[in-house]
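Chain and residue survey
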Amino acid sequence: MAEKIDQYLKNKKFQGIVLIAKKGKILFTKGYGLADTVIYLIAQPHSETFTAVAIMQLEEKGLLNLDNPISQYFPDFPNGGSIQISHLLSKSFPS
């Protein structure tokens, strides 16, 4: 499954991060595009709200903590140990 998803997204020149989980277990996660040089913030008008609601629902269920570093979920993310989930929601990154 992972190989098919990976190839499909590469063929479509997708840029972003994909995470597929089931019952709290991460099945697939990978970043695509130029994320190694720039952090892409979600730019679509409604997707920011949708993403924030989904993150808050996960926190409410105890599946994540806003104070956790993103490196807990994306170990290879550059400087992920100093960026918390709450930073992504507020677009306020540590310097």
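As shown above, the structure is provided for reference.
Overview of the structure. Since we're looking at a predicted model, the values are computed, not measured.

Below, the discussion takes up the nonpolar core. The biggest cluster of nonpolar side chains holds eight residues, and these are Ile 55, Leu 64, Leu 66, Ile 70, Tyr 73, Phe 77, Ile 83 and Ile 85. Every residue in contact with Tyr 73, bar those within four places of it in the chain, is listed here: Leu 63, Leu 64, Asn 65, Asn 68 and Ile 85. Formed by five residues, the second largest nonpolar core is a distinct cluster that contains Ile 5, Leu 9, Phe 28 and Tyr 32.

The subject of this paragraph is the pairing of strand E1 (residues 16–22). The pairing of E1 with strand E2 (residues 25–32) spans seven bridges and is antiparallel. Paired with Gly 16 across the bridge in E2 is Tyr 32. Where E1 folds back on E2, the antiparallel hairpin that results is connected by two residues, among which Lys 23 adopts a positive phi of roughly 55°.

Further remarks concern the environment of Ile 20. Counting through the fold element by element, Ile 20 comes out in strand E1. For Ile 20, a relative accessible area of 28% translates into the label partly exposed. Distance in space between the C-alpha atoms of Ile 20 and Ala 2 is 9.8 Å, their sequence separation being 18 residues. Those residues in contact with Ile 20 that lie beyond four places of it in its chain are Ile 5, Lys 25, Ile 26, Leu 27 and Phe 28.

What follows covers unusual backbone geometry. Of note in this structure, Lys 23 is not a glycine but carries a positive phi near 55°. Position of Lys 23 relative to the elements: it lies in the loop between E1 and E2. In this structure, Asn 79 takes a positive phi of about 60° despite not being glycine. As for its placement among the helices and strands, Asn 79 is situated in the loop between helix H2 (47–60) and helix H3 (85–90). A relative accessible area of 61% means that Asn 79 is categorised as exposed.

Thresholds applied
- Residues numbered from 1 in each chain as written.
- Predicted model: local features only at pLDDT ≥ 70, side-chain atom pairs only at ≥ 80, totals over all residues.
- Heavy atoms only, no water.
- Core = buried A, V, L, I, M, F, W, Y, C linked by side-chain atoms within 4.5 Å.
- Buried < 20%, exposed > 50% of the residue type's maximum accessible area, 1.4 Å probe, protein only.
- Contact = heavy atoms within 4.5 Å.
- Pairing = 2+ DSSP bridges.
- Helix = DSSP H or I, 4+ residues; strand = E, 2+ residues; numbered from the N terminus.

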